[in-house]
Amino acid sequence: MRANYFCLAVMVFLNSLVQTFSVPSSLKEGILCNLCRDAQQKLFSLADENLDGFVKLAMKICKLGVSPNKCNYFVKNKGLNLIPAKMEFLRKSDYFCSQQLMFCESKLSKFSIDKFTKDLYNKYPPVESPKTKNGKAFNALTLNDIHVQPNYAPKSSIVCPDNVGCCSAEYGFPMNEKLQAGYWGSPNAPCDIPTHLFEKTLEEIRDRAKAGEFDMIFVLGDIPGHNYFTQPDDYVANVTSYVFRRLKEVVGIPVVPVVGNHEGHPVDFFDFDDPNSYGRKHIYGAFKDLITEQEYDQLNDSGFFERELPENNIKLIAFNTQLMDYYNDFLTRNGTNPLGSLDKLAKTFSESERKGQKVVFLTHIPPHDSKGSITFPRCLHVIFDRFKSTLTAVLSGHTHKDQLKFFTSDELTFGINFISPSLTTEGSHRPSFRIYEFREGEVYDYRQFNANIDEFNKRARNDDFDLNFELAYEFRNEYALKGSKPSEYLDLKDALQDLDGEALKKYAAHQYTQPRPYSMEELRIIVCNFEGEKQRLDRCLEPFLPPPSLSDRFEQLYRILFENEWFVSKDSREREPDMSLAKS
């Protein structure tokens, strides 16, 4: 082992000599390259041979501060997947010898966001005045972060060793009412929603659909409960299939589903290459109940599917955000533009632009969320900016909060990412759903609904098991919007950035679906979070961030170790993952 580290140290020293003195290329690409690759291969072999040892060490460290169930799930699954994935990336890219020490000639070059932007604009030059057509108005209900917990048991303990997935019979039934799970759910407790709350929600959705309040449903991902790590392998697929089946049986109107990070197994993992992988076989398989064969094929081939609404002159793009979730082990192995999705997205936006058709982009994780990878969202932002006259809105979930993010280019706001609050009470308070109103291809308004879970839990203790959702607010009325075009987004952003203004106070009250007091520092953090571009967001938040916690340190280390750079082929004739959009 010491010999291997010694070899690498020698390589680093020789590299410094190469950089300092003029060394013939024949020597550099001959003897030094061979020596480096020999040392590199020995390091890879060492990692392969000691994989079990690494996992066992990580397990011991994990159990110092984390429950055994979590350690068994995350360390074993992640360790056994991530380390081989990282080794494969280092081998494929010849990372040490070609990219870092530069002893060997490389067939790959580092991906350039500037080149990507230039190639995009060369292939799809901006249109001076894109033609637009007015389509018929329509409404869509969104459900996201449903997180059904089938083993939820009313009056069971809201406290459990794992501090997630509590409210189950296995944790007992305490006599103290303050420690008991509520009948309809348990706000501010580490539990998700019971099946009977989901079924009650379906009944209300069905009645509203019959009354003509909306025409279709967007399911924006994250269906299984957070207790997945204590459940059998088929848990995620079974819960997902149950929710989709019940939506079809009870409501019976078109549904557009999106993959969330909790549809992965292990969580956040999605293998886009293997047709027999859990995600493609079981999760995409569940989607078959709700999407056409053509949409299913496109989802497999591209990581998203399109659904055109000719009467409304709108195209929906349902995007699998596991393409940019940096916790997805698959991206550690093959993260550079998997499936060529960015190229395909640019093409479908261009097709809509030529037809004068508006695009609504549906995704689970917001494009610049903290869980997002670095490069893919930046490329996505470039596409959004180029086709800003075509993109009408980005609709997301994931945060469990009621939020807005603004996309900007050259300091000008060009669009909004609407983030709707969750149906689960975990991380939020009141179960929620939203109804969007589209007019002339734009999000004209939305109505936000939630259920006063505390009140209905009190009634349930007296054997009154009714529950209904009430209107919390209407977007246009709440924020005094008058027009219907993106030009007023800038005015809305300005109003929300006024720390003493009424708009920000209302927004803060809605964020967790119920009012509470906010300090001035909390309001400043909320204002920072309006940024729809990650680098700008990080700069804004920096002064307010507390010293990094242990989990923060772990996340930083995780990014350093497992979020890889993007590389592209120098020879465009090779079929490496290539971002050259300029190719025909």
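Residues numbered from 1 in each chain as written. Predicted model: local features only at pLDDT ≥ 70, side-chain atom pairs only at ≥ 80, totals over all residues. Heavy atoms only, no water.

1. A closer look at the state of the cysteines
Phase 1: Summed over all chains, the structure comprises six disulfides.
Phase 2: Put simply, C36 and C97 are joined by a disulfide, and their sulfur atoms are 2.1 Å apart. Every disulfide takes its handedness from the sign of the S-S torsion; for C36 and C97 that torsion is -95 degrees, giving left-handed. Here C36, found in helix α2 (residues 25-49), pairs with C97, found in helix α5 (residues 95-100); they are 61 residues apart in sequence, far enough to count as distant. (Disulfide = S-S within 2.5 Å. Helix = DSSP H or I, 4+ residues; strand = E, 2+ residues; numbered from the N terminus.)

2. Observations concerning the sheet that holds strand β5 (residues 304-309)
Phase 1: As summarised here, the arrangement of the six strands in space is β5-β6-β7-β8-β10-β9, forming an open sheet in which the pairing is mixed. Two strands close off the open sheet at either side, each with one partner strand: β5 and β9 (403-409). Going from strand to strand, the sheet's axes swing by 25 degrees on average, the running direction of each strand aside.
Phase 2: One ladder, built from three bridges, connects strand β8 (residues 391-396) with strand β10 (residues 412-419); its direction is parallel. Bridging across to β10, L395 finds its partner in F418. (Pairing = 2+ DSSP bridges. Axes fitted to C-alpha atoms, helices over the stretch in contact; angles between N-to-C directions.)

3. Quick look at the sheet that holds strand β2 (residues 138-143)
Within a sheet, each strand pairs with its neighbour through backbone hydrogen bonds, oriented either parallel or antiparallel.
Phase 1: Strand order in this open sheet of six strands is β4-β3-β2-β11-β12-β13, and the pairing throughout is mixed. Single-partner strands in this sheet number two, and they are β4 (255-257) and β13 (470-474). The mean inter-strand angle of the sheet, taken between neighbouring strand axes irrespective of direction, is 25 degrees.
Phase 2: Pairing of strand β12 (residues 442-450) with β13, which is carried by four bridges, proceeds in the antiparallel orientation. By the bridge assignment for β13, F449 is matched with L471.

4. Let's talk about the pattern of salt bridges
Phase 1: By the definition in use, this model includes 27 salt bridges.
Phase 2: When the shortest N-O distance is used, the salt bridge between R208 and E213 registers 2.9 Å. Just as R208 is buried, E213 falls in that class too.
Phase 3: A salt bridge links E308 to K355, with the nearest nitrogen and oxygen atoms 3.1 Å apart. Of the two residues, E308 is situated in strand β5 and K355 in helix α12 (residues 341-355); the sequence distance between them amounts to 47 residues.
Phase 4: Note on K355: relative accessible area 36%, which makes it partly exposed.
Phase 5: When salt bridges that share partners are traced, they join E199, R245, R246 and E249 into one network. (Salt bridge = Lys/Arg side-chain N within 4 Å of Asp/Glu carboxyl O. Buried < 20%, exposed > 50% of the residue type's maximum accessible area, 1.4 Å probe, protein only.)

5. Concerning the confidence of the model for the protein chain
Note: predicted coordinates in regions of low pLDDT should not be interpreted at a detailed level.
Phase 1: Chain-level statistics for the protein chain give a pLDDT mean of 88 and a share of 91% at 70 or above.
Phase 2: Note on residues 572-584: pLDDT is under 50 here. Beyond four places in sequence and across chains, it has 34 contacts. (pLDDT = per-residue confidence, 0-100. Contact = heavy atoms within 4.5 Å.)

6. What about helix α7 (residues 195-210)?
Phase 1: Compared with an ideal rise of 1.5 Å per residue, which puts 16 residues at 22 Å, α7 spans 23 Å between its outermost C-alpha atoms and is within 8% of the ideal.
Phase 2: Taken together, the buried positions of α7 are L197, F198, E199, T201, L202, E204, I205, R208 and A209.
Phase 3: Contacts made by the buried residues of α7 are with β2, β3 (216-219), α8 (235-251), β11 (432-439) and β12.
Phase 4: The first or second residue beyond α7 is G212, which carries a positive phi of 80 degrees. (Expected span 1.5 Å × (residues − 1).)

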